[in-house]
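Single-letter residue listing:
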Amino acid sequence: MSLISSTALGLGLAVAGATPATADPYDCSTWYKSGTTAAGTCTNGTGEFRVYTRCDRFLAQDYTVYDPTWRRVGTTSTAICHSGGKPYGAGIQVH
């Protein structure tokens, strides 16, 4: 009987000491600010996210830019097209 009680107590302590699972950011949205910037935010989850966008340059090859900083849920991330690029196809990368 005491072996069963101590095993149950040990399992209870192991569960109590466990860290909660993290969930990638979700409920995310993107939008465009000014003519060169894509922005976005995530409102739920944990972890971090950042915005990325494709940039269209007239008579030049398109390219992708990312916010260089990973952001926390509830904040805003931005990705800026340089060299006259216009943002399109923005998205959210999570980790």
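Anything mentioned here points back to the structure above.
Below or above, wherever it landed, is the structure these notes cover. (Residues numbered from 1 in each chain as written. Predicted model: local features only at pLDDT ≥ 70, side-chain atom pairs only at ≥ 80, totals over all residues. Heavy atoms only, no water.)

The secondary structure content of the protein chain amounts to one helix and seven strands. Start at the N end of the protein chain and walk to the C end: the helices and strands fall as α-β-β-β-β-β-β-β. Counting every position in the protein chain, which comprises 95 residues, the buried fraction comes to 23%. Carbon and sulfur atoms form 59% of the exposed surface of the protein chain, whose accessible area is close to 6300 Å². (Helix = DSSP H or I, 4+ residues; strand = E, 2+ residues; numbered from the N terminus. Buried < 20%, exposed > 50% of the residue type's maximum accessible area, 1.4 Å probe, protein only. Areas by Shrake-Rupley, 256 points an atom, 1.4 Å probe, with all protein chains shown as cover.)

What follows deals with the state of the cysteines. One pass over the structure, following the stated rule, counts two disulfides. Through a disulfide, C28 is tied to C42; the S-S separation comes to 2.0 Å. Measuring handedness by torsion sign, the sulfur bridge of C28 and C42 sits at about 105 degrees and is right-handed. Taken as a pair, C28 in strand β1 (residues 26-33) and C42 in strand β2 (residues 37-44) lie far apart in primary sequence, 14 residues in all. C28 gets classed as partly exposed once you look at its relative accessible area, which sits at 31%. Take C42: its relative accessible area is 0%, and that puts it in the buried class. (Disulfide = S-S within 2.5 Å.)

For β2, the buried fraction is high: six of the eight residues fall into the buried class. Looking at chain direction, β1 and β2 are connected through seven bridges and run antiparallel. The residue bridging K33 from the neighbouring strand is T37, located in β2. Linking two consecutive strands that pair antiparallel, namely β1 and β2, is a turn of three residues; a positive phi of about 50 degrees is found at S34 within it. (Pairing = 2+ DSSP bridges.)

All right, on to the nonpolar core then. Within the largest apolar cluster, eight residues are counted, these being A38, V51, C55, Y63, V65, A79, C81 and A90. Filtering out sequence-adjacent residues up to four positions away, C81 remains in contact with T36, T53, R54, C55, Y63, V65, K86 and P87. (Core = buried A, V, L, I, M, F, W, Y, C linked by side-chain atoms within 4.5 Å. Contact = heavy atoms within 4.5 Å.)

Quick look at the side chain of D67 now. Here D67 lies in the loop between β4 (63-66) and β5 (71-72). By relative accessible area, D67 is classed as buried at 2%. Among the polar contacts listed, one links the side chain of D67 to the side chain of S77, at a separation of 2.8 Å. Those residues in contact with D67, other than ones at most four positions away along the chain, are R50, V51, S77, T78 and A79. (Polar contact = N/O pair within 3.5 Å; in protein donor to acceptor, adjacent residues only side chain to side chain.)

This paragraph deals with the sheet that holds β2. Strand order in the open sheet formed by three strands is β1-β2-β6, and the pairing between neighbours is antiparallel. Taken across any chain shown, the strands that pair with only one partner, and hence form the sheet edges, are β1 and β6 (76-80). Here the strands of the sheet are splayed against their neighbours by 20 degrees on average, with no regard to which way each runs. Judged from the five bridges that link them, β2 and β6 form a sheet pairing that is antiparallel. In the strand pairing of β6, T37 is matched with I80. (Axes fitted to C-alpha atoms, helices over the stretch in contact; angles between N-to-C directions.)

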